Amino acid sequence: MTTTDTTHTDTTRTAQVLFDLAEDGVGRLRLNRPEASNGMNVPFLRALHEAVMTATGRPELRVLLLTGEGKNFCAGGDVKTFAAKGEALPDYLREATAWLQNVAQALLALPVPVVAAVHGFAAGGGGLGLVCASDIVLAGESAKFMSGAARVGMAPDAGSSVTLPQLVGLRKAMEILLLNPTLTAAEAAEIGLITRVVADDALHDEALAVARTLAAGAPRALGAVKRLVWSGLGNRVEAQLPEEARTVSELSGTADAREGLAAVLERRSPRFTGR
């Protein structure tokens, strides 16, 4: 869905990526190459990284909602551009991959939750990689997911060789990356690739509702949850325990923690301020 939310204010725009930050703290990052199914080339990836960095620098940001304009969320790499490079393709892809890695790393490190709303295809290292780097993923019932890298003689990127096995398990990740099946939204939800499936015509509203729910939460606590989960990948439980304890102790001294406890005792909804 590409419905414009008129409550958005304070807009930063580039030709290929749109970023809007609303007064409620919901930031919307929209991939905006609909004529190319949001296929990724170097200029697009630079613009995407700039938009994520802009979002990162906004202290009022509470959640980032990631969507794609046009018929597809993201078809991955821009195949037409890649094919036109000929023997210069390795040098071009070194630059493109570096920018894509920067984008994925920035999304994972973003101190607020990232919610992706997927319609159409999420394919290739770019499309599937962005899905894997998001914290919550909603997909329209007609959405499709595919790796596609191996079928054009390439390999997965955007960190998906690590994030995908963590999400779906080693055997299923190998099947997805080696055999390149096209997964339906229902299949993606069943294996844990996405969070849940919603009706196509409800995708925008459902994703925005999830984003607003997160935006109303305690931002430091939500950021800490995200950081602990992603940084804990590959750690043994005992190695993660000290960082969990330190984080819980630190958060317990915040005004939001005191407000949360008071709200439970007073049987009311909490009013978090980020302090």
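Just so it is clear, the structure is predicted and the values come from calculations on it, not from any experiment.

K.L.:
Can you break down the pairing of strand β5 (residues 114-118) residue by residue, with the values?
P.N.:
Each regular strand carries side chains that alternate between the two faces of the sheet. Most of β5 sits inside the fold, with five of its five residues counted as buried. Side-chain alternation along β5 places Val114, Ala116 and Val118 on one buried face and Val115 and Ala117 on a second face that is also buried. Pairing between strand β4 (residues 63-68) and β5: three bridges, direction parallel. The partner of Leu65 across the bridge, within β5, is Val115. As defined by bridge partners, β5 adjoins strand β7 (residues 136-140) across four bridges and the pair is classed as parallel. Residue Ala117 lies in a different strand from β7, and its bridge partner there is Leu138.

K.L.:
Please give an account of the environment of Leu18 that cites residues and values.
P.N.:
Locating Leu18 in the fold gives a position in strand β2 (residues 17-22). Between the alpha carbons of Leu18 and Arg258 there is a distance of 37 Å; along the sequence they are 240 residues apart.

K.L.:
Residues and numbers for the pattern of salt bridges, please.
P.N.:
Close approach of charged atoms allows side chains with opposite charge to pair. Here the structure, examined in full by the defined rule, presents 16 salt bridges. The residue Arg33 makes a salt bridge to Glu35 at a minimum N-O spacing of 3.8 Å. Look at Arg33 and you get buried, because its relative accessible area is 11%. The exposed category is assigned to Glu35, whose relative accessible area is 64%. Where Glu175 meets Lys172, a salt bridge forms, and the shortest distance between an N and an O atom there is 2.8 Å. Of this pair, Glu175 and Lys172 both sit in helix α6 (residues 170-179), separated by three residues, roughly a single helical turn. In this structure Glu175 comes out as partly exposed when scored by relative accessible area, which is 33%.

Calculation rules
All residue numbers refer to positions counted from 1 along the written sequence of the respective chain. Where local features are concerned, this predicted model is filtered to residues with pLDDT of at least 70; where side-chain atom pairs are given and counted, the filter is 80 or more; whole-chain, interface and lining totals use all residues. Excluded from the side-chain calculation are hydrogens and water; included are all heavy atoms of the structure. Summary of the burial criterion: residues with accessible area below 20% of their type's maximum are buried, those above 50% are exposed, and those between are partly exposed, where the area comes from a 1.4 Å probe applied to protein chains only. Every helix listed is a DSSP run of H or I at least four residues long, and every strand listed is a run of E at least two residues long, numbered separately from the N terminus. When DSSP finds at least two bridges between two strands, those strands are taken to pair. Salt bridges, as used here, are contacts in which a Lys or Arg side-chain nitrogen is within 4 Å of a carboxyl oxygen on Asp or Glu.

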